[in-house]
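So you can see what is in the structure, the chains are spelled out below.
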Amino acid sequence: AYYNNYVRLSLTGCAKGKGIVNTLCESCNPGKYSDYIGSDCKSCLPGYSNNKFNSYNCIKCDAGTYSENLNNIECEECPSGYYNSELGSNICKGCPKGKYSITSTSISENNCLECGNGKISDVGKMICLFCEIGKWSKNRIECVGCSSGKFSNSMGLTNDNECKLCPVGKFNDINGLSNELDCKS
């Protein structure tokens, strides 16, 4: 039997998934792609990745993941305290002040939980912290010292009314006192 073998040859450049390196056609490495004949290998942009050789394209990062550099082989998970609801994102958004999240790869701000009473958090936190003794939590975002004439020797306060008054015959002119003994005669 006699077979005719045909080879398709293109004189316009390297095939898709390959690019010219020192006058030779070589495979595009993971994190790079070539989407048409004769194209060089191009970098995956932020928000995209690919993990294969000879790729024709890069794939958008899923919600809950991101990539922030060029030549991304894999998208990274949004860490705890952060979320991302969009495809092809190069960032994750932090849970707002007064909230926290222990969930990684979160796709929604709904996974950010409100801090408990007397606690605060900054943007993108995994935990909330109690205000130090002598202070109370204002709107779960900042600690405020007990006002003049008051003190507190406990944590978890949510307003200035929970601070204790200095005993009769004593005063203080400093905010944030944590001990009754700091009240002056």
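The sections below set out a description of the structure shown in this document. If you're wondering where the values come from, they're calculated on a predicted model, not measured in any experiment.

Quick word on the pairing of strand E2 (residues 24–27)
For strand E1 (residues 18–21) and E2, the ladder comprises four bridges, and the chain directions are antiparallel. Each bridged residue has a counterpart across the sheet, and for Lys18 the counterpart in E2 is Ser27. Linking E1 back to E2 in an antiparallel pair, the connection comprises two residues, with Asn22 at a positive phi of about 50°.

Describing the pairing of strand E15 (residues 135–138)
The sheet contact formed by E15 and strand E16 (residues 142–145) spans four bridges and is antiparallel. Among the inter-strand pairings, Lys135 is bridged to a residue of E16, identified as Gly145. Counted along the chain from E15 to the antiparallel partner E16, the turn is three residues long, and its residue Asn139 has a positive phi close to 55°.

Some details on the packing of aromatic side chains
Counted according to the given criterion, the structure contains zero aromatic pairs. The ring of Tyr56 has Lys16 lying over it, and the distance from NZ or CZ to the ring centre is 5.5 Å.

Scoring rules and cut-offs
Residues numbered from 1 in each chain as written. Predicted model: local features only at pLDDT ≥ 70, side-chain atom pairs only at ≥ 80, totals over all residues. Heavy atoms only, no water. Pairing = 2+ DSSP bridges. Helix = DSSP H or I, 4+ residues; strand = E, 2+ residues; numbered from the N terminus. Phe/Tyr/Trp six-rings, centres within 6.5 Å; stacked < 30°, edge-to-face > 60°. Lys NZ or Arg CZ within 6 Å of the ring centre and 35° of its normal.

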